[in-house]
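Listed below are the residues making up each chain.
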Amino acid sequence: MEKLIEDLIIRLTESKSEVLKKFENESSVINEKMTLILAGKLAAYDQCILELKRILKYFHECALKH
């Protein structure tokens, strides 16, 4: 399970990078609404990655206690 979470973190980080590149490369063409949508996606990726890392940290701390 730990490996699956680590792989998911990697895939989310890669997806986030793709959105960030799209945001940077097309910033002159993107309207305000699309800017907000992409910014929201980036924030969602950050939040998901943070929570998955928190779960892994919790798992490691529990494993050390036993």
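Residues numbered from 1 in each chain as written. Predicted model: local features only at pLDDT ≥ 70, side-chain atom pairs only at ≥ 80, totals over all residues. Heavy atoms only, no water.

Section: the overall build of the protein
Then, in step 1: The number of helices and strands found in the protein is 2 helices and 0 strands.
Then, in step 2: The C-alpha radius of gyration of the protein comes to 16 Å, more than 25% above the 11 Å expected for a compact globule of 66 residues.
Then, in step 3: Expressed along its principal axes, the backbone C-alpha trace of the protein runs to roughly 55 × 15 × 15 Å.
Then, in step 4: A burial count over the protein gives 17% of its 66 residues as buried.
Then, in step 5: Sequence separation of at least 24 residues holds for 71% of the intrachain contacts in the protein that already meet a minimum separation of 6.
Then, in step 6: Approximately 5400 Å² of the protein is accessible, and the part contributed by carbon and sulfur atoms is 61%. (Helix = DSSP H or I, 4+ residues; strand = E, 2+ residues; numbered from the N terminus. Rg over C-alpha atoms; globule rule 2.2 N^0.38 Å. Buried < 20%, exposed > 50% of the residue type's maximum accessible area, 1.4 Å probe, protein only. Contact = heavy atoms within 4.5 Å. Areas by Shrake-Rupley, 256 points an atom, 1.4 Å probe, with all protein chains shown as cover.)

Quick notes on helix α2 (residues 32-65)
Then, in step 1: In a regular helix each residue adds 1.5 Å, so 34 residues correspond to 50 Å; α2 covers 50 Å between its end C-alpha atoms and thus fits that length.
Then, in step 2: Where the residues of α2 are buried, they touch α1 (2-25).
Then, in step 3: Backbone nitrogen of Lys 33 and a side-chain oxygen of the N-cap are separated by 3.2 Å at the start of α2; the cap is Asn 31. (Expected span 1.5 Å × (residues − 1). Polar contact = N/O pair within 3.5 Å; in protein donor to acceptor, adjacent residues only side chain to side chain.)

Overview of the environment of Ile 55
Then, in step 1: Relative to the assigned elements, Ile 55 resides in helix α2.
Then, in step 2: Between the alpha carbons of Ile 55 and Glu 2 there is a distance of 9.3 Å; along the sequence they are 53 residues apart.

Some remarks on the environment of Leu 38
Then, in step 1: Topologically, Leu 38 is positioned in helix α2.
Then, in step 2: The class for Leu 38 is buried, based on a relative accessible area of 4%.
Then, in step 3: With 10 residues separating them in the primary sequence, Leu 38 and Cys 48 have C-alpha atoms 15 Å apart.
Then, in step 4: Not counting residues up to four positions away in its chain, the partners in contact with Leu 38 are Val 19, Phe 23 and Ile 30.

Structural notes on the nonpolar core
Then, in step 1: Judged by nonpolar contacts, Ile 5, Ile 9, Leu 12, Val 19, Ile 30, Leu 38, Leu 42, Tyr 45, Ile 49, Leu 52 and Leu 56 together constitute the single largest core of 11 residues.
Then, in step 2: A total of 6 residues in this core trace back to one element, the largest contributor, which is α2. (Core = buried A, V, L, I, M, F, W, Y, C linked by side-chain atoms within 4.5 Å.)

With respect to α1
Then, in step 1: Along its 24 residues, α1 runs 35 Å from first to last C-alpha, staying within 8% of the 34 Å computed at 1.5 Å per residue.
Then, in step 2: Every buried residue belonging to α1 is among Ile 5, Ile 9, Leu 12 and Val 19, and all of these are buried.
Then, in step 3: Looking at the buried positions of α1, the neighbouring elements they touch are α2.

Details of the packing of α1 against α2
A pair of packed helices is characterised by two quantities: the angle between their axes and the separation of those axes.
Then, in step 1: The interhelical angle for the contact between α1 and α2, taken along N-to-C directions, is 160°, at an axis separation of 10 Å. With respect to α2, the element α1 is oriented roughly antiparallel. Considering how the two elements wind past one another, α1 and α2 form a crossing that is left-handed.
Then, in step 2: Residue classes in the contact of α1 with α2 are distributed as 16 nonpolar, 4 polar and 6 charged. (Axes fitted to C-alpha atoms, helices over the stretch in contact; angles between N-to-C directions. Parallel < 35°, antiparallel > 145°, perpendicular 65-115°, else oblique. Left-handed = near helix turned anticlockwise from the far one by under 90°. Nonpolar A, V, L, I, M, F, W, Y, C, P; charged D, E, K, R; others polar.)

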